[in-house]
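# Results of the structural survey
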Amino acid sequence: ADGRADRGMNADADAATRIAHTASAASRLAHIAGAVRANPARAAERDLPYFEAAVALILRTTLAGEVELLFIKRAARDDDPWSGQIALPGGRHAAGDESLEATAVRETMEEVALDLRRDGTIVGALDELRPRTLVLPPVIVRPFVATVAGDAALEPSEEVAELFWAPLDVILDPASTRETEIVVRALRTRRAAIHYEGHVIWGMTERIINNLREIL
């Protein structure tokens, strides 16, 4: 009888811990959403030539009380300037998209089979990016921040070689970022990059995360 009582008490304690963790994570997500809404996104200059694209920073909570961010590894393709890189779900604005937010929703659905409007909430946008290099096409990227349920199902498309969730606190920790030698199409360069479990997150994705860190 004492054993059963102890097991019952332990189960109650575990349940209470899970509830506390869930409440803490939900509070963190609410804080992030508030910070995003309180910082109006700055638009990039639209001098020609350029095309527009959108990406999604998708956040979820875990039973352990963590907030995690979704990343994808792009499939290796000769026609993709970001081939094989760690990225956020997203892509180029299409003629049928009524807005860049719609672009982020459509591309996320196409790449990881997640409907952000049905299964989540888009809370706002971050500053647009417009890299001006000889290597990249003239793109303007608008990042959107979204939240989804912790058990949201994902299915990578053929455009995605891998997907993974990473703890947001680890990704935002300045200790995770260091100058790193990057090799792109046989060209070597040194850039700030976020390191997480063997993944190297750099370029526009690193800059978008840095913007999120700044407003939090």
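A short tour of the structure in this document, coming up. These numbers come from a predicted model, not from an experiment.

Calculation criteria
Residues numbered from 1 in each chain as written. Predicted model: local features only at pLDDT ≥ 70, side-chain atom pairs only at ≥ 80, totals over all residues. Heavy atoms only, no water. Buried < 20%, exposed > 50% of the residue type's maximum accessible area, 1.4 Å probe, protein only. Helix = DSSP H or I, 4+ residues; strand = E, 2+ residues; numbered from the N terminus. Pairing = 2+ DSSP bridges. Contact = heavy atoms within 4.5 Å. Salt bridge = Lys/Arg side-chain N within 4 Å of Asp/Glu carboxyl O. Axes fitted to C-alpha atoms, helices over the stretch in contact; angles between N-to-C directions. Expected span 1.5 Å × (residues − 1). Polar contact = N/O pair within 3.5 Å; in protein donor to acceptor, adjacent residues only side chain to side chain.

### Thoughts on the pairing of strand E6 (residues 139-148)
Of all ten residues that make up E6, nine are buried, and the element is covered over most of its length. Sheet analysis places strand E1 (residues 51-61) next to E6, joined by nine bridges and oriented parallel. Paired with Ala54 across the two strands is Arg142, which belongs to E6. One ladder, built from five bridges, connects strand E5 (residues 120-125) with E6; its direction is antiparallel. Within the sheet, the bridge partner assigned to Thr121 lies in E6 and is Thr147.

### Details of the environment of Ile72
One can find Ile72 in strand E2 (residues 67-74). The sequence separation of Ile72 and Leu163 amounts to 91 residues, and the corresponding C-alpha distance is 4.2 Å.

### Brief notes about the side chain of Thr147
For Thr147, the position within the fold is in strand E6. Each residue touching Thr147, except ones within four places of it in the same chain, is listed here: Leu29, Leu59, Gly120, Thr121 and Val123.

### A word on the pattern of salt bridges
Per the counting criterion, the structure on display carries 16 salt bridges. With a closest N to O distance of 2.9 Å, Asp97 and Arg106 form a salt bridge. A single salt-bridge network, built from bridges that share partners, covers Arg46, Glu52, Glu128 and Arg142.

### Some points on the sheet that holds strand E8 (residues 177-184)
Whenever strands of a sheet pair, they do so through backbone hydrogen bonds, lying parallel or antiparallel. Taken in spatial order, the three strands of this open sheet run E8-E9-E10, and their pairing is antiparallel. Looking at the sheet topology across the chains shown, the edges are occupied by E8 and strand E10 (199-202). Taking the axes of each pair of neighbouring strands and ignoring which way they run, one obtains an average angle of 55° across the sheet. As paired elements, strand E9 (residues 187-196) and E10 share four bridges and run antiparallel to each other. When the sheet's bridge partners are listed, Ala193 is paired in E10 with Trp202. In the packing of helix H5 (residues 203-215) onto the sheet, contacts are made with E8, E9 and E10, and the angle to E10 comes to roughly 75°.

### Some details on helix H2 (residues 100-112)
Counting along an α-helix, one turn takes 3.6 residues, and residues three or four places apart therefore face a common direction. Taking 1.5 Å of rise per residue, the 13 residues of H2 would be expected to cover 18 Å, and the 18 Å separating its terminal C-alpha atoms lies within 8% of that figure. Buried residues of H2: Leu100, Ala102, Thr103, Ala104, Val105, Glu107, Thr108, Glu111 and Val112, and no others. N-cap assignment for H2: the residue whose side-chain oxygen lies 3.4 Å from the backbone N of Glu101 is Ser99. Backbone geometry just after H2 places Ala113 at a positive phi near 60°.

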